[in-house]
Amino acid sequence: MAFSSFSYYNTMWILISKLKMALFLWSFLFLLVSSATACDRCVHQTKAAYFSKAPALSSGACGYGSLALGLSGGHLAAAVPSIYKDGAGCGSCFQIRCKNATLCTKQGTKVITSDLNHNNQTDFVLSSRAFMAMAQKGLGQDILKHGIVDVEYKRVPCEYKNQNLALRVEESSQKPHYLAVKVLYQGGQTEIVAIDVAQVGSSNWSFLTRNYGAVWDTSRVPAGALQFRFVVTGGFDGKMVWAKNVLPADWKPGMVYDTKVQISDIAQEGCSPCDDGIWK
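Residues numbered from 1 in each chain as written. Predicted model: local features only at pLDDT ≥ 70, side-chain atom pairs only at ≥ 80, totals over all residues. Heavy atoms only, no water.

Enquirer: Break down the pairing of strand β9 (residues 192-199) for me, citing the residues and quoting the values.
Expert: Looking down a regular strand, the side chains alternate between one sheet face and the other. Of all 8 residues in β9, 7 are buried, a share of seventy percent or more. Taken together, β9 and the strand that follows it, strand β10 (residues 206-212), pair antiparallel across an intervening segment of 6 residues, in which Gly201 is found at a positive phi of about 90°. (Buried < 20%, exposed > 50% of the residue type's maximum accessible area, 1.4 Å probe, protein only. Helix = DSSP H or I, 4+ residues; strand = E, 2+ residues; numbered from the N terminus. Pairing = 2+ DSSP bridges.)

Enquirer: Summarise the environment of Thr218; cite the residues concerned and give the values.
Expert: Looking at the secondary structure, you find Thr218 in strand β11 (residues 215-218). Note on Thr218: relative accessible area 6%, which makes it buried. Spatially, the C-alpha atom of Thr218 lies 5.0 Å from that of Leu208, the residues being 10 residues apart in sequence. One polar contact links the side chain of Thr218 to the main-chain amide nitrogen of Arg220, over a distance of 3.0 Å. (Polar contact = N/O pair within 3.5 Å; in protein donor to acceptor, adjacent residues only side chain to side chain.)

Enquirer: Just give me the short version of the sheet that holds strand β4 (residues 109-116), but keep the residues and values in it.
Expert: The 6 strands lie next to each other as β1-β5-β2-β4-β3-β6, forming a closed barrel whose pairing is mixed. Shown here is a sheet whose adjacent strand axes are inclined to one another by a mean of 45°, direction ignored. Here strand β2 (residues 76-79) runs beside β4; their pairing, made up of 4 bridges, is parallel. Bridge pairing links Ala78 to Asp115 in β4. (Axes fitted to C-alpha atoms, helices over the stretch in contact; angles between N-to-C directions.)

Enquirer: I'd like to hear about the nonpolar core, residue by residue, with values.
Expert: If you look at the biggest cluster of nonpolar residues, it comprises 24 residues, and the most contacted ones within it are Leu179, Ile192, Ile195, Phe228, Phe230, Leu247 and Trp251. The set of elements that each furnish at least two residues to this core consists of β7 (166-169), β8 (179-184), β9, β12 (226-234) and β13 (237-247). The residues touching Leu179, leaving out its near neighbours within four places in the chain, are Val169, Ser173, Trp216, Asp217, Thr218, Val221, Leu226, Phe228, Leu247 and Trp251. In terms of nonpolar packing, the next biggest core, distinct from the first, is built from 22 residues, Ala79, Phe94, Ile96 and Leu144 among them. (Core = buried A, V, L, I, M, F, W, Y, C linked by side-chain atoms within 4.5 Å. Contact = heavy atoms within 4.5 Å.)

Enquirer: Explain the state of the cysteines to me, and be specific about the residues and the numbers.
Expert: By the definition in use, this model includes 3 disulfides. With its sulfur 2.1 Å from that of its partner, Cys62 forms a disulfide with Cys90. Taking the sign of the torsion about the S-S bond as the criterion, the disulfide between Cys62 and Cys90, at about -90°, is left-handed. One end of the pair, Cys62, is in the loop between α2 (55-58) and β2; the other, Cys90, is in the loop between α3 (81-84) and β3 (93-98), and 28 residues separate them in sequence. We classify Cys62 as buried; its relative accessible area is 0%. Under the relative-accessibility criterion, Cys90 is labelled buried at 6%. For Cys98, the disulfide goes to Cys104, at an S-S distance of 1.6 Å. The sign of the 110° torsion about the S-S bond sets the Cys98-Cys104 disulfide as right-handed. (Disulfide = S-S within 2.5 Å.)

As far as function goes, none of this settles anything; it's purely spatial.
And the structure:
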């Protein structure tokens, strides 16, 4: 029996969709395993240096630009590839402190990942503001003189009070052929591993691809107002966060849009014997 053209293409579409889903699940499980192996919330020992100028970090690999300065009060960090995670680590938060007790405070400071660090001598290169924030009161200039210091760090949840997860439409977007969005103000201790987009009220979802850093894009742009689904690591598994009405039908490049949702989940890791993540 001969198949009609419609039946043939419909069958092929289903097979391709299943293949894409299988590849996505494999990638998602691989990311979870990699994340568990990294044990982000364990306390790690390393060294940290600093950039003398914050713009060196704000213009970094995550693509935040000048917006980075508003994410964590200018306390920014370039992180090694195992933390940067091909862009999945962009926006992740870490508590970091130097180990010189006469120079630095016990609590240290919180930094946000905004760039990729290619220096294999340190896990982090901090903004000078973050570097000085590790020091005791009045000793900020003294710690800068060291240049590189011994530190310990652990991953902590990101918190944005009174601020939802947001999407910035990038200037490269061209309606109706291409859409690129930058993820901002991602809370919790998670990583976004997939994003889908659909017209509001529709179940016809298209997937976005991570272009670089915190920027995702697609050339299959639905018409009208747009909703988004975010797949994030959460608990020992993953979860879907659904933002039901994000971009208006007349969305414009350069604008930041509130998703009206926030992520507060914490991804659990099998990091024994440091599961409690105690900061002693």
